[in-house]
Amino acid sequence: MAGSPEAAEEAEQGPEPPAGDAVRRGKRAAPTAAAPQPAKLSRAELYKPPTSEELTQLKETEDLFHSSLLRLQIEELLKEVTLKETKKKRIDAFLHEINSLLSTIPKTPETELTDQTWLSKDVKVPFLQVPFSVKGRFHFVPPAELKVVGSYLLGTCVRPEINVDIAVTMPREIFQDKDNLNQRYHRKRALYLSHIAQHLSKEKLFGSVKFAYMNSNHLKPILLLRPQGKDEKMVTVRLHACPDSGLFKPSRFYPSKNNVRTAWFMEQSTPKEGATEPPTPHYNNSILCDTVMLSHLHFLSNTATDFPGMKDGLALLKVWLNQRQLSKGLGCFSGFLVSMLVAYLLAKRKIVKMMSGYQVLRSTLQFLAATDLSVTGISLAQDADPSLPSLDDFHQAFEVVFVDPSGLVNLCADMTASKYHQVQFEAKHSMEILDDRMVDGFQVLLMTPKPMLRTFDHVFHLKHVSKLQGTCKKMQLLNELMDRGGNYVAAALPFVVSLLARGLSQRAQLVAHSLPQIPEWPIDAEPPKHKDVGPLTFGLLFVPEFAASTLEKGPQADHPEALEFRTFWGDKSELRRFQDGSICEAVVWEASTVCQKRLIPEQIIRHLLKLHADIPESSICYTGALLESVIKTGKEAQGTGEEAMVSVVCSYDDLSRKLWNLKELPLTVTAVQGVHPALRYTDVFPPIPMKPVYSFYNKSKHLLYPSEEKPCPAYITPLKIICHMEGSGQWPQDKGAIKRIKAAFHLRLAELLRQQHQLVCRPAVTHTDVYKDGYIFRLQVAYHREPLILKEVVTPEGMLKYQDTEESRQLELETLHLPYLTSSLHGSPQVGFLRFLNLLATFDWKNNPLIVNLNTGLTDAECTEIKNKFVAARSHLPVMFLATPKDQGSSMWTRERPSAQILQRLVLLALESLRALEEQLMAPLSDQDVKMVFRPPLDFYDVLIHLNPKQIPRHLESVDRPVKSVSRGVVKNSSAMNILFPVVDYDPVQLYLQELRDAFDDLALFFYDKHGGEVIAVLWKPLSFKPLPFKASSMKGRKVTTLNNELVCIPNVEAILEDFEILGEGLVKSVEAHTEKWTI
Amino acid sequence: SAGNGAGVAAASQNGASLAALAVKFAERQRSPHCLLVKEHQVREGADTAHPPRRTLFVLNVPPYCGPDALSRLFSRCGHVQSVDMCDKPGPGEKKDKLTSKFFDHKTPKGFQVAYVVFRKAAAVQAAKALSKEGPLLISTKSHPVKTGISKWIASYEASIVNPKELKAEVDAYMQDYDKKTAEEEAKAAKEEGVPDEEGWVKVTRKGRKPGLPRTEAANLRVLEKEKQKRARKELLNFYAWQHRETKREHIAQLRKKFEEDKQRIALMRAQRKFRPY
C-alpha cells in the first residue's frame, strides 16, 4: 500500500461495496449502453460528391464552431432548455383568459392611502409600509393597458423557469401630484396589486396566486399567477404594475435627486432647518424601471429581428449564468440584463447579426472579461442629450453602471461591484477554457453547476443578517437606508464586502457574496421582512502566495498613513522594527502550523467584522477548514501533518546525500528517489519520530518482537526509497542472479551506513531498513535493466522480444513510474476535496479518458490521439482510465483496480458524500457533522468482522478518535542512537486482510478503512452462491452436494464463517453474520 | 453431519473414487470443512514426483492446514513420505535440490491442493476410509497450529534475516553463476567462426563482424527506415489529380468526424447528458 497513488488510496478509505442489491444478485442496474464504437462509413459514402448544402454546413461548422461536436452538443442543449411550441399554445390561451379577467375587476371608492380597510382580510399588502403614515389617496380603476413584455415575446425564455411578464398599466387618474415622494407611488402600486390579487384568487382558473419581490428587491412587488392542474409547473405569469408613460417628469429621478424626505423617514414632525436632503438614486431607479418597460421591449425586439443567433446566444448565456448562481436574487445578473448587454454589443458592432449562438456567447463573455463596468460604465443612450445625467453622475450613485436606451435607468443599480467582479472573473475563466482545446468547454461552461462551495477556497456564512442593522448604525448608513427603503441588508452589503476586500487586499483575488433571495409568499401572508433572506454566504478566492502570510506590514510610523492603518486594524496594529531598520506599523497574526496559517483569513475577517461592522463572532460560521478535523492527529499537535512531512523530507534529503557520498561501494549510486507518499507531501498521517520502549517487547538476541500479551505495537511505516545503481558490465544478465546481487547490495549498504554514518540498519533480501532521526527508511536497490530482463522472451525463430509480465510490470511501477508522481494540490484542502468528489461523481468514465496534463506535458495532437485510441480500444481498457504525459496509453495505475462494480459504488458514494457535505457546509444554522461522510454505512454488508481495538496498530487514526488510548510501546524521540531496531511494518490487520483475500477472493469482497477501522466488512460476490458443477479447481472453500442428480459444489458458509475467526485468532473480537441477507 | 454424508454418497455415485473427509481446526469448531481425497491418477505416467497408487490427491485443504499438519493427519493410515502442496492441481515438478533459504519462496495462499505420498499403497485406501469417521482435527493439544496474532508474530520473527547466512548463500550462488557463464562464454568463443555440420556459421554480436541484434526492436527500426526512404522519394501535389484527391480526402475527413460526433451525441442523449440542471 505504501507506494500506491493517491486515487487508489482514496478508493480504499472506507468499505465500499458495489452498488445496489441488483448488482450482487448478478443484474446490472445501470443502463448498459454500448461503449462507443469508431464510426464506420462506407468508402462510397465517404467519397461521394458533396451537395452544396452539405458543403456550407461543413464549412459553417469549421468556421463558426470549434468542431462539429460542439455544434451538435449546443443544438442538443438548446432543444433541452427552450420552450416547446405545443406549450406555447397552451400558455397563449392562458394569457388570453387573464386578459379578459383583469378588465372585469370593479372600481373602488377613493380612500386615504393609510386607510386600507376596504381591502379584504385575505390579502395583505405586499409592501413593508415603514413608516406607515403617508399622505395621498388611492382608488382602484381597471388597468388602462395590458401588454406582454420580456423574454416570452422574444422567444428567449429558458427552462426550468418559464416566466411570462405582463405590464399592467395603472390609469393616470389613480395618481396625484408628488406621488414620486416618500414611497407613495410604491404603496399605490402595492395596493393596486393587492386588489387584483384579491379578485383573481377567487377564480378557478389559477392553481396559485402569490406575491413575490422582483429579483428579491422589496421595492418592487409583483403578482405571480400559475395555471390550474398539471400545467401549474409549466409557466409563471408575472404581473408588473407600471405607471402610464409621461406620468412623471424624468428629471425628478436623476441619480442626484432626492425623493425620500429625511423627516418623513425618521418620523419627525418638522424637517431640520437648512439640512440638505441626500440623493436617493436606488429609490429613483426603482420608479424609473417601471416607466420604461414597454420601450425596452420595443428596443429588444428591434434587436432580435433578423438575428437568429441572438435567441440561441441568450439561451446559452442564461444557462451559463444559472449554472454559476448569478441569475437570481437582489442585484443579480438577470436574463433581461444579459439581453440588453447583447443589444449593446450589437449596437457597438462587437456582434453582428450573422453570428451563431456560440459566437454570441463567446463575444459576450469576451466583453465581460475585458470590461469593468464598475469603473467604466456603458450606456445604450443614442443621442447625447446634454440635459441627461452623465456616466459620471451614475458612477457617483451606483457601483456598477449600465445605462438603458432612455439614458435614465441604470440596469445594474442593485448589483454590487463585487458581484460584477465575480461575473467578470467567471467570464475570464470561461474564455480561457474556450481557448484551451484540451478541455471540454461545453461541459465546463454549460453543463456543470458551480456552487460557491466548489468555486471558492474558503466560504463563510453570516448566520443572522439582522446583525447588519448594527452594521448600518456603526457605519452611519442612514442615507443608504433611506435610499433602499429601509433594507439594511442591501444597504450594508456593499460596505461589508469592500471592508473585507480591503482587509484581505493582497491575500484574496476575489471576495464574493451570495445574492440575498426572498422566496414568493401566499397573498394572505405578511410580506417577508429584510431578515428573511436567510444567512448570507461569502466566498474568498485566494492568491496562494500571500493568503497565509502572518504579517501585515503597514506604513512607517511617522508617515501620515500610519494613523489610517491603525484605525483600520484597531488594537491589532503595533509598531515593529524590521530587518532593514525601518519602524513600521504592522499586524502579526498568530499561527504556528500550516493548518493554522491557512486560517489567518478567518482571523482577519472575524476581527474586522467585529471592529468595523459590529458583527459578533458568534454570528459568523466559517467553513473554510471544517473537514480538516478528520486528519488532525494527537491532542497537543494542532497541525494537519505538513510540518511532520517537512521534517521527514529533511531527514530523507540528508540520507540521500549520505547515500550519494557513500565510499567503498562497488558501483556508484546514480539516483535516489523517495516513493513513500510522505516524501511527496501526500501522506494522510505522516510518520513522527519514534523510539521503542524495550520493556514492551519480547527480546531475543538484540532483536525486538511484538509480544502476544501486549497490545499491538504502534505501526511504524517504512519510508520506501529507491536507490538506483549505476549500470555496468558487472551486472549479471539473469534474473535470479540480479536478485542475489541486489541482496548483496542491501547487505553492503547496511554495513557501510553503519560504519561511515553510525546508522542502525537491518538488511533483508529485498531491502535494507535504516533507522534515522526516529524514522525508518526502507532502501531498495534498483537496476534499470532489470524490468527489461524480466520481459525478455525468445521466439522460436530466435528473435528476442519484450513482453510485459506481471513481475516486470510490478517492478516498473515501483521503480520507474511511482517516482514521477508529484504533488499538484493547491488552494484550500477542503475545496480540493469537494472538487475531487465532484470529479469522481460527474466524470463520464465510460466514454472519456481522464487526461491529467501535468505540467502541460501533452500537446493537442497527443491528447486527440489518446482520445481516439481510447475510443477504439475501450472494451480492453480499465474502467477508470487515466492518462498522463508519462503514461499516455495504458493507465497503469488503474489496471487492476477499481473494478466496474467498485467504480460504480465509488461514484455513487462520491455523489452522496458531496451532496451531504454541501448541504452541511451551506447550512450554518444546523448542527454540522462533516465527519458523517467518512463513516461508512455498515447495514449494507453480509458479514461484519469486529476487530479487537488493542490489536489495531493505527487505531488512533480513525475518524472518531478513540476515547481512551493504550500504550503502544513507542515514545516520541528523534535523537536516539545505538538502539535496538524497532518493530517495523507490522500491521496484523493488513496481514489478516491479506490472508482473507488469498483464501476467499473468489467468494467475497473485503472492505476495510486502513486508518484505524474497527470493522472488516464482507460482501459475498454476486455469483458466489450459484451452485457450480463439480471441478477439482473450483473446490476452494466449498462442499459437494447433489442438485437434480448432478454433483455440484456450493460454498461451505458455516465453515468459512468459522475460518474468519480461526485465521484472525487474537485479532477478531466477533463475527457478525447477517444470515438473513443471503440464501443458498 | 448430514450434508457431508450426502457429499460422500454423491461422490461415489459418480464413479469417481472421491471420498469426503470432514476436517475441523480444533475441537471447539462446529462446522467442518470437507477434504476431498482420491487416489492420484496420471494419464501418461509423466508425474514422477507423485508416483501413482502410493499418492493421495487431496482437494480443498484449508489455509491453516500446512504440510506438517496434513502429514500428521494422514500418518495414522501409514507412513507419509512427503507432502506437496500447490495452488491448483497439476503435474508435480521435480523439486530442485538446491532450495534456497532466502530466495524464491512461495508461501501457500488460501485453499490448496495437496499430494500426499505414502510409503505403501494400502495407506491410500486407509485414508479414504477415514471418511466414515468423525471430523479430523488439524490443531491438537500436542501439536497446536498457530494462527492469527501468534502466527504473524512468528513470521515477523522469521522475516528477520541473519546477514552472515544471507551473505554466504549469495556468495555461493554467484560463484556458481560466474562459473556457468564463464563456461558458456568459453564454449561460444570456441565455436566462433567455425561452421557446423551443414556449413552454417553462427554470427554473434561478439565476433569481429557483429551482425544486427536479433531483437524485435531492431527489426522494427529497419522497417521504419525503409518506409521513410520510400516516403522521401514520393512527390506530393505534383499532378492535378493529387490536388483533387487532397480536397476529396479533406471532405471525407470532415464527414467522418461529423459522423463520429453524431454517434457520440446520440449516445450522450441516450444517457440524458444534456440536462443542464
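Just so it is clear, the model here is predicted, and its values are computed rather than measured.

Visitor: Break down the overall build of chain A for me, with residues and values.
Guide: Counting its regular elements, chain A contains 33 helices and 37 strands. For chain A, buried positions account for 54% of its 1080 residues. Summing over all exposed atoms, chain A offers an accessible surface of approximately 48,000 Å²; the carbon and sulfur share of this is 53%. When the 125 basic and 125 acidic side-chain charges of chain A are each reduced to a single mean position, those positions are 1 Å apart.

Visitor: Please provide a residue-by-residue account of the UniProt feature "coiled-coil region" (unreviewed entry) in chain B, values included.
Guide: Under the feature "coiled-coil region" (unreviewed entry), the UniProt entry names residues 244–271 of chain B. Segment residues 244–271 of chain B splits into 96% helix and 0% strand. End C-alpha atoms: 41 Å apart.

Visitor: How would you sum up the pattern of salt bridges? Please name residues and give values.
Guide: Residue and element names in this part refer to chain A. Considering all chains together, one arrives at 45 salt bridges over all chains under this definition. A salt bridge links Lys 79 to Glu 76; its shortest N-O distance comes to 3.4 Å. Here the residue Lys 79 and the residue Glu 76 both occupy positions in helix 5 (residues 68–81), the gap between them amounting to three residues, near one helical turn. Judged by its relative accessible area of 52%, Lys 79 is exposed. For Glu 76, a relative accessible area of 7% translates into the label buried. Close ionic contact of Asp 435 with Arg 362 constitutes a salt bridge, the shortest N to O distance being 2.7 Å. With a gap of 73 residues between them, Asp 435 in helix 16 (residues 417–435) and Arg 362 in helix 14 (residues 357–370) connect regions that are remote in the sequence. Residues joined in a network through salt bridges with shared partners are Asp 654, Arg 657, Lys 658, Lys 772 and Asp 773.

Visitor: Would you mind going over the sheet that holds strand 7 (residues 236–243) of chain A in detail, with residue names and values included?
Guide: Each strand in a sheet pairs with another by means of backbone hydrogen bonds, the pair being arranged parallel or else antiparallel. Read across the sheet, six strands follow the order 3-4-7-6-5-12 (chain A) without closing on themselves; strand pairing throughout is mixed. A single partner strand is all that each edge strand has here, and the edge strands are strand 3 (145–149) and strand 12 (521–522) of chain A.

Visitor: Pulling in residues and values, what's your account of helix 24 (residues 600–613) of chain A?
Guide: All names here are of chain A. Its 14 residues give helix 24 an end-to-end C-alpha distance of 19 Å, which sits within 8% of 20 Å, the value for a rise of 1.5 Å per residue. A large share of helix 24 lies buried, amounting to 10 of its 14 residues. Looking at helix 24, one finds that the buried residues are Ile 600, Pro 601, Glu 602, Ile 604, Ile 605, Arg 606, His 607, Leu 608, Leu 609 and Ala 613. The first or second residue beyond helix 24 is Asp 614, which carries a positive phi of 60°.

Each value, and the rule that gives it
Residues numbered from 1 in each chain as written. Chains lettered and ligands numbered in written order. Predicted model: local features only at pLDDT ≥ 70, side-chain atom pairs only at ≥ 80, totals over all residues. Heavy atoms only, no water. Helix = DSSP H or I, 4+ residues; strand = E, 2+ residues; numbered from the N terminus. Buried < 20%, exposed > 50% of the residue type's maximum accessible area, 1.4 Å probe, protein only. Areas by Shrake-Rupley, 256 points an atom, 1.4 Å probe, with all protein chains shown as cover. Lys, Arg positive; Asp, Glu negative; His and termini not counted. Charge placed at Lys NZ, Arg CZ, Asp CG, Glu CD. UniProt positions renumbered as here; feature names shortened; annotations may be inferred. Salt bridge = Lys/Arg side-chain N within 4 Å of Asp/Glu carboxyl O. Pairing = 2+ DSSP bridges. Expected span 1.5 Å × (residues − 1).

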